[in-house]
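So the chains spell out like this:
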Amino acid sequence: MTADAPQLTLGILGGGQLAQMLALAALPLGVRVRVLEPDAQAPARLCATHLHAPYTDALSLDVLAGCDAVTLEFENVPVQALTALEDRVPVRPGRALLERSKHRAREKEALRAAGVQTAPFVVIETEAEVGGALEQVSGRGILKTSELGYDGKGQARVSDLDGLRAAWNALGRVPCLLEGLVQFEREVSLAVARGPDRALAFGPLIENVHRDGILLTSLFLEGDPQEVQAREIAGRVAGAWELEGLMTLEFFGLPDGDLLVNEVAPRVHNSGHLTQDGGGISQFEAQVRAVLGLPLADWRPLHPCAMVNIVGAEGKTPDWAGIDALPGTRLHLYHKAWRAGRKLGHVNLVAADEQTLRARLSQLETLIP
Ligand code: AMP
């Protein structure tokens, strides 16, 4: 390597599959990664230096403070970890954005303050707030814990007062949000990055299908008519929240063409995995670049592409040989122990045109039960 080749170090709070794929994208840029993650079996340990300790461990935080910048792959890290780092190293995104995005009620209020539409919602923190809540969201809704929910966990659909009461009890009577049930036509997502110089760059608009609250399939096609609207919203939120780094917005697409923001992840997102194999730069490289202040441009696939998640399911195994034999597939495994309902990997699929992509996607879905 020549003496002036780039040599940087990136710290990541969290060491799951997102950190693993961030590290894999960082290495070719001359960037080495250190992850702080309490789980001994963290997927990122295979391609990054693993600080195996609690997120608040002072010695490990000292090691992260010696990096060129720190980012996160997981929003449920304690805010104290960011507080301990923020005067010593650039932390992107920073504490204020994390505090918003890890708390559903604060997030929705901050979205509305930025002039963005969301589902109707009401905060439930006491028994008294349960009565009358459903009426405020037109009678049917989804009760979600304000914090620590992911992949549909910590959620329940409700349509009457008894059901709401039972659901709130089942969720442990913790602070919750009751959201009105949105009759969406489709779900889409789009990521935005903003460098320390405030320049914005965008990922593609991606269409998503969920099963039981878990993302199943994502699809990117050229020329989605709602991409302009999604970029405008994402850019507005990134500016209002003073984003540094990358965040992903999940939207509900309504039949009248409007987009409501469902939630915001302060990081790369499962729906953006297809950017790894679409021919452009990936969402992982985009986050690494934004966080380290490296030159940044829109990252969009050059070809139609899709992704199917591999989720552990009782008594079912993917047809590995069939996946490998299907043209255009790229397998990404996270090296995690098998568990029902757990995301274990994904398959990206690329094709030269939409018709071929859709035909092969149907085939691929039969190979991943
Ligand atoms: P979330 O954890 O908020 O992303 O919710 C997981 C999934 O549940 C979403 O991707 C939707 O498919 C569904 N969902 C969540 N909130 C609503 C809502 N207010 N109305 C209809 N479906 C919803």
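Look a little higher up for the structure.
Report follows, based on the coordinates.

Criteria and thresholds
Residues numbered from 1 in each chain as written. Predicted model: local features only at pLDDT ≥ 70, side-chain atom pairs only at ≥ 80, totals over all residues. Heavy atoms only, no water. Helix = DSSP H or I, 4+ residues; strand = E, 2+ residues; numbered from the N terminus. Rg over C-alpha atoms; globule rule 2.2 N^0.38 Å. Buried < 20%, exposed > 50% of the residue type's maximum accessible area, 1.4 Å probe, protein only. Contact = heavy atoms within 4.5 Å. Areas by Shrake-Rupley, 256 points an atom, 1.4 Å probe, with all protein chains shown as cover. Near = heavy atom within 4 Å. Polar contact = N/O pair within 3.5 Å; in protein donor to acceptor, adjacent residues only side chain to side chain. Salt bridge = Lys/Arg side-chain N within 4 Å of Asp/Glu carboxyl O. Expected span 1.5 Å × (residues − 1).

### Topic: the overall build of the chain
When its secondary structure is counted, the chain shows 12 helices and 17 strands. Here the C-alpha atoms of the chain give a radius of gyration of 20 Å, agreeing with the 21 Å that 2.2 N^0.38 yields for 369 residues. Each of the three principal axes of the chain carries a C-alpha extent, and together these read 70 × 50 × 40 Å. Expressed as a percentage of the 369 residues in the chain, the buried residues total 53%. If you take every contact in the chain between residues at least 6 apart in sequence, the share linking residues at least 24 apart comes to 61%. Carbon and sulfur atoms form 51% of the exposed surface of the chain, whose accessible area is close to 16000 Å².

### Examining the environment of Arg236
Relative to the helices and strands, Arg236 resides in helix H9 (residues 227-240). Taking the C-alpha atoms as reference points, Arg236 and Val116, 120 residues apart in sequence, are found 8.4 Å from one another.

### Let's talk about the site of the ligand
The ligand sits among 16 residues. The nearest are Lys144, Gln155, Val182, Glu187 and Glu263. Between the ligand and Lys144 there is a distance of 2.7 Å, counted from an oxygen atom to a side-chain nitrogen or oxygen. At 2.8 Å, a side-chain N or O of Glu263 approaches an oxygen atom of the ligand. Alone, the ligand offers 470 Å² of accessible surface; in the complex the protein occludes 93% of this.

### Focus on the pattern of salt bridges
Counted under the stated rule, the structure contains 18 salt bridges. Between Arg186 and Asp224 there is a salt bridge, with the nearest N and O atoms lying 2.9 Å from each other. Of this pair, Arg186 sits in strand E9 (residues 186-194) while Asp224 sits in the loop between strand E12 (214-220) and H9, placing them 38 residues apart in sequence. Among the residues examined, Arg186 registers a relative accessible area of 17% and is labelled buried. By relative accessible area, Asp224 is classed as buried at 19%. A salt bridge links Glu222 to Arg300, with the shortest nitrogen-to-oxygen separation between them at 3.6 Å. Of this pair, Glu222 sits in the loop between E12 and H9 while Arg300 sits in the loop between helix H10 (283-292) and strand E15 (305-311); the two residues are 78 residues apart in sequence, bridging distant segments of the chain. Each of Lys108, Lys144 and Glu179 takes part in one network of salt bridges that share partners.

### Details of helix H12 (residues 354-367)
Here H12 contains 14 residues, and its C-alpha end-to-end distance of 20 Å stays within 8% of the 20 Å for a straight helix at 1.5 Å per residue. In this fold, the buried residues of H12 make contact with E12, E15, helix H11 (320-325), strand E16 (329-333) and strand E17 (343-350). Two or three places before Gln355, at the opening of H12, Asp353 has a side-chain oxygen 3.2 Å from that residue's backbone nitrogen.

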